[in-house]
Amino acid sequence: MAKITTSALLKLKQQGEKITALTAYDASFAKLFADAGVEVLLIGDSLGMVLQGHPDTLPVSTAEIAYHTRCVRAGAPQAFVIADMPFMSYATMEQAFANATPLMQAGANMVKLEGGEFLLPTIKALTERGVPVCGHIGLTPQSVHVFGGFKVQGRDSAAADHILQQAIELEQAGAQLLVVECIPSALAKRISEALRIPVIGIGAGVDTDGQILVMHDLLGISSGYIPKFSKNFLQETGDIKRAISQYISDVKQSAFPGAEHSFN
Ligand code: KIV
Ligand code: NA
């Protein structure tokens, strides 16, 4: 497979082809996912929950994300790799510069930051310095204590308009990709149509430009509960490789997520 770039992802959106993404944390799964045709691999700070067993993503460090980014890059040299910037690692612009550096040097193609307005200057500055940025709005798990739980965002029309406005501003600031998490499907559709850059959804309905899942949820091996928006593809296929292929084809054909995995 040819190396996947930001322009390749943009082209997929322009052609109306859905983008498939999964989290990955190690070389073996990264290779399996990339060989199956998953376009984007995310070293999510979800690793704080699914690998480290914490109740949220807050304890994760930049060094830990860098370590797992090196592992993923080693297994998938051609994949488009996004590394999450962890909690409070981009609270100031200087911190963002300092912490994006080891992630890019570990092999990331892009870093992902959670938030809206306060990030606009940081996104512009990172991009100008050679660090592509993926935004992440809606339910941003690093703010779980502000939200008072992992809750769907943008339910009422004022909140929905605010999230759409954030999306537009992130794109204007230079973000080249956007993740929207746990928002009503209709809002995710509006955002995907309003933006030129690809919008990747999780718990955001079927009308985004692509989908992402935490790999442990896709395989039904997350400790604790599996969120409503996720699906255990291993259960229906009985085989890891077939589970991955099923996920890819369901996303490409807009068969996943269904209404039962989405919010209204
Ligand atoms: O950390 C993560 O896995 C994520 C995805 C759920 C988008 O940010
Ligand atoms: Na994350």
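The rules behind each value
- Counting restarts for each chain, with residues numbered from 1 along the sequence as it is written.
- Written order decides the labels, with chains lettered from A and ligands numbered from 1.
- Per-residue local features are limited, in this predicted model, to residues with pLDDT of at least 70; the limit for side-chain atom pairs, both in listing and counting, is 80 or more; totals at the level of whole chains, interfaces and linings are taken over all residues.
- Note that water and hydrogens are dropped before the side-chain values are worked out from all heavy atoms of the structure.
- Nearness is defined per residue: one heavy atom within 4 Å of the molecule or strand is enough.
- A 3.5 Å cut-off defines polar contacts: any pair of N or O atoms within that distance qualifies, except that in protein one atom must be a possible hydrogen donor and the other a possible acceptor, and neighbouring residues in sequence count only when both atoms are side-chain atoms.
- Note on areas: these come from Shrake-Rupley sampling with a 1.4 Å probe, and a residue is covered only by the protein chains present in the view.
- Strands here mean DSSP runs of E at least two residues long; helices mean DSSP runs of H or I at least four residues long; both are numbered from the N terminus.
- Relative accessibility thresholds used throughout: buried, under 20% of the residue-type maximum; exposed, over 50%; partly exposed, between the two (1.4 Å probe, protein chains only).
- UniProt positions are given in the numbering used here, feature names are shortened, and annotations may be inferred rather than shown by experiment.
- Any pair of residues with heavy atoms lying within 4.5 Å of one another is described as a contacting pair.
- Any N, O or S atom lying within 2.8 Å of the metal counts as a donor, and for Na, K and Ca the limit rises to 3.2 Å; water is left out, so some sites can look incomplete.
- A side-chain nitrogen of Lys or Arg and a carboxyl oxygen of Asp or Glu constitute a salt bridge if their distance falls within 4 Å.
- Only buried residues count toward a nonpolar core. Its members are Ala, Val, Leu, Ile, Met, Phe, Trp, Tyr and Cys residues joined through side-chain atoms within 4.5 Å.
- For a helix, the expected span equals 1.5 Å multiplied by the residue count minus one.
- Read the arc as the range of directions from the helix axis to the C-beta atoms.

1. Brief notes about the site of ligand 1
And then number 1: Taken together, Thr23, Leu42, Gly44, Asp45, Ser46, Asp84, Lys112, His136, Val179, Ile202 and Val214 are the residues near ligand 1.
And then number 2: A distance of 3.2 Å separates an oxygen atom of ligand 1 from a polar side-chain atom of Asp45.
And then number 3: At a separation of 3.1 Å, an oxygen atom of ligand 1 approaches a polar side-chain atom of Asp84.
And then number 4: Coverage of ligand 1 by the protein amounts to 95% of the 260 Å² it exposes when considered alone.

2. Overview of the side chain of Gln211
And then number 1: Structurally, the position occupied by Gln211 is in strand S8 (residues 210-213).
And then number 2: By relative accessible area, Gln211 is classed as buried at 3%.
And then number 3: For Gln211, the side chain forms a polar contact with the side chain of Thr208, separated by 3.1 Å.

3. A short note on the UniProt feature "binding site: Mg(2+)" (unreviewed entry) in the protein chain
And then number 1: When the UniProt feature table is mapped onto this chain, "binding site: Mg(2+)" (unreviewed entry) is found at Asp45, Asp84 and Glu114. The greatest C-alpha distance among the residues just named is 11.0 Å, despite their covering 70 residues of sequence, which places them together in space.
And then number 2: Relative to the helices and strands, Asp84 resides in strand S3 (residues 80-84).
And then number 3: Judged by its relative accessible area of 2%, Asp84 is buried.
And then number 4: For Asp84, the contacting residues outside a window of four places in its chain are Leu42, Ile43, Gly44, Asp45, Ile65, Leu103 and Lys112.

4. Things to note about the coordination of the sodium ion (ligand 2)
And then number 1: In this structure, Asp45 (OD) and Asp84 (OD) serve as the protein donors to the sodium ion (ligand 2), at separations of 2.2 to 2.3 Å. Note that Asp45 is positioned in the loop between strand S2 (40-43) and helix H3 (47-50) and Asp84 in strand S3, a separation of 39 residues in sequence.
And then number 2: What makes Asp45 buried here is its relative accessible area of 3%.

5. Observations regarding the pattern of salt bridges
And then number 1: Going through the model one piece at a time under the given rule, you end up with 11 salt bridges.
And then number 2: Notably, a salt bridge pairs Lys112 with Asp84, separated by 2.7 Å at the nearest N-O pair. With a gap of 28 residues between them, Lys112 in strand S4 (residues 110-114) and Asp84 in strand S3 connect regions that are remote in the sequence.
And then number 3: Taking the relative accessible area as the measure of exposure, Lys112 reaches 3% and is therefore buried.
And then number 4: When salt bridges with common partners are traced through the structure, they connect Glu17, Glu39 and Lys252 into a single cluster.

6. Here we look at the UniProt feature "active site" (unreviewed entry) in the protein chain
And then number 1: When the UniProt feature table is mapped onto this chain numbering, "active site" (unreviewed entry) sits at Glu181.
And then number 2: Here Glu181 shows up in strand S6 (residues 177-181).
And then number 3: The contacts of Glu181, once residues within four sequence positions are left out, are His136, Ile137, Gly138, Leu139, Pro141 and Ile202.
And then number 4: Only 2.9 Å separates the side chain of Glu181 from the side chain of His136, close enough to count as a polar contact.

7. Side note on the nonpolar core
And then number 1: Counting residues in each nonpolar core, the largest one holds 62 residues, and the members touching the most others are Leu41, Val111, Leu178, Val180 and Ile191.
And then number 2: Per-element accounting of this core gives the leading share, six residues, to helix H8 (residues 157-173).
And then number 3: Each residue touching Leu41, except ones within four places of it in the same chain, is listed here: Leu22, Ala24, Ala30, Phe33, Val72, Ala76, Ala79, Phe80, Val81 and Ile82.
And then number 4: Counting 21 residues, the second largest nonpolar core, distinct from the first, contains Leu9, Leu139, Leu177 and Ile212.

8. What about helix H5 (residues 93-105)?
And then number 1: For H5, with 13 residues, the first-to-last C-alpha span of 18 Å sits near the 18 Å given by 1.5 Å per residue.
And then number 2: Three or more residues of H5 are buried, namely Ala96, Asn99, Ala100 and Leu103.
And then number 3: In the segment just after H5, Gly107 is the residue with positive phi, at about 120 degrees.

9. As for helix H2 (residues 27-36)
Side chains of residues three or four places apart in an α-helix project in the same direction, reflecting 3.6 residues per turn.
And then number 1: Among the residues making up H2, those that are buried are Ala30, Phe33 and Ala34. Each buried residue of H2 sits inside an arc of 95 degrees when the element is viewed along its axis, so together they form one side. Exposed positions of H2 whose direction lies more than 90 degrees from the buried face are Ser28 and Asp35.
And then number 2: Where H2 is buried, its residues meet strand S1 (19-23), S2, helix H4 (62-75), helix H10 (215-218) and helix H12 (240-252).
And then number 3: One side-chain oxygen at the N-terminal end of H2 lies 3.2 Å from the backbone nitrogen of Ser28; it belongs to Asp26.
And then number 4: Two residues or fewer past H2, Gly37 is found with a positive phi of approximately 115 degrees.

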